[in-house]
Amino acid sequence: MTARCSWATTPELIAYHDQIWGRPTQDDQALFKALSLEIMQGGLSWETVLKKADDFDSAYDGFDYCKIARYDRYKYQGLLQDSRLIRNRRKIQAIIHNAQVLLDRLEDGQTFADYLWDLINDAKKQSDSNDAMSQKVLKAMKKDGFSYIGPATMTAFLEAIGAFNPHQANCDLA
């Protein structure tokens, strides 16, 4: 039997824990999805978000930030009315806004992965703890215009994408 982090208690959480969480990725869509789902999770259980993950993928064009950045008011209204989704105006606006920030922020040829991992690696060099590193990345992303991110969201996001090892000591994946 595999020992897991104590929060991985349901089939959805176990699958997420074992297959996605804490694994570094360079995939732009996976990174933007992780950020967006952490934004959606605020105030809700992670299991609620995971149960809707396929619906989010479909509604948000696979989390292609280039497409999301071009969403118009009709697409926004459609997201607000889609009963499969978490229909929080501020969270939906933040995801669209953050996609627009990315398009505006990225230089020719640069990807979200390039941008994000550069921030993470710079923050790691200046930090003596995961919390300090998370705060530095948060501060830089906010300065660059990202919205609806705070300390808890940033820490969860950085854990999810494997910026540091988030597994509990007794976890076989630690």
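Please refer to the structure higher up on the page.
Presented here is an overview of the structure given in this document. All values derive from a computational prediction rather than experimental measurement.

### As for the packing of aromatic side chains
Two measures describe an aromatic ring pair: the distance that separates the ring centres and the angle between the ring planes.
Here comes step 1: Scanning all chains against the criterion turns up ten aromatic pairs.
Here comes step 2: Between Phe-32 and Tyr-65, the ring centres sit 5.9 Å apart and the planes meet at 55°, which makes this aromatic pair tilted. Of this pair, Phe-32 sits in helix α2 (residues 28–41) while Tyr-65 is found in helix α5 (residues 65–68), placing the two residues 33 residues apart along the sequence.
Here comes step 3: Overall, the relative accessible area of 1% leaves Phe-32 in the buried class.
Here comes step 4: The exposure class assigned to Tyr-65 is buried, which follows from its relative accessible area of 7%.
Here comes step 5: Counting every residue linked through ring pairs, the aromatic cluster contains Phe-32, Tyr-65, Phe-112, Tyr-115 and Phe-146.
Here comes step 6: The ring of Tyr-71 has Lys-75 lying over it, and the distance from NZ or CZ to the ring centre is 5.0 Å.

### A short note on the side chain of Thr-153
Here comes step 1: Residue position: Thr-153 is located in helix α10 (residues 151–160).
Here comes step 2: Of the residues examined, Thr-153 reaches a relative accessible area of 16% and is grouped as buried.
Here comes step 3: Beyond its immediate sequence surroundings of up to four residues, Thr-153 is in contact with Glu-38, Ile-39 and Tyr-148.

### Observations concerning the packing of helix α9 (residues 130–143) against α10
Here comes step 1: At their nearest, the axes of α9 and α10 sit 9 Å apart, and the two run at 110° to each other. It follows from the interaxial angle that α9 and α10 lie roughly perpendicular. Once α9 is placed against α10, the crossing between them reads as right-handed. Along its contact with α9, which presents Met-133, Ser-134, Gln-135, Val-137, Leu-138 and Met-141, the element α10 presents Pro-151, Met-154, Thr-155 and Leu-158.
Here comes step 2: Broken down by class, the residue content of the contact of α9 with α10 amounts to seven nonpolar, three polar and no charged.

Cut-offs applied
Residues numbered from 1 in each chain as written. Predicted model: local features only at pLDDT ≥ 70, side-chain atom pairs only at ≥ 80, totals over all residues. Heavy atoms only, no water. Phe/Tyr/Trp six-rings, centres within 6.5 Å; stacked < 30°, edge-to-face > 60°. Helix = DSSP H or I, 4+ residues; strand = E, 2+ residues; numbered from the N terminus. Buried < 20%, exposed > 50% of the residue type's maximum accessible area, 1.4 Å probe, protein only. Lys NZ or Arg CZ within 6 Å of the ring centre and 35° of its normal. Contact = heavy atoms within 4.5 Å. Axes fitted to C-alpha atoms, helices over the stretch in contact; angles between N-to-C directions. Parallel < 35°, antiparallel > 145°, perpendicular 65-115°, else oblique. Left-handed = near helix turned anticlockwise from the far one by under 90°. Nonpolar A, V, L, I, M, F, W, Y, C, P; charged D, E, K, R; others polar.

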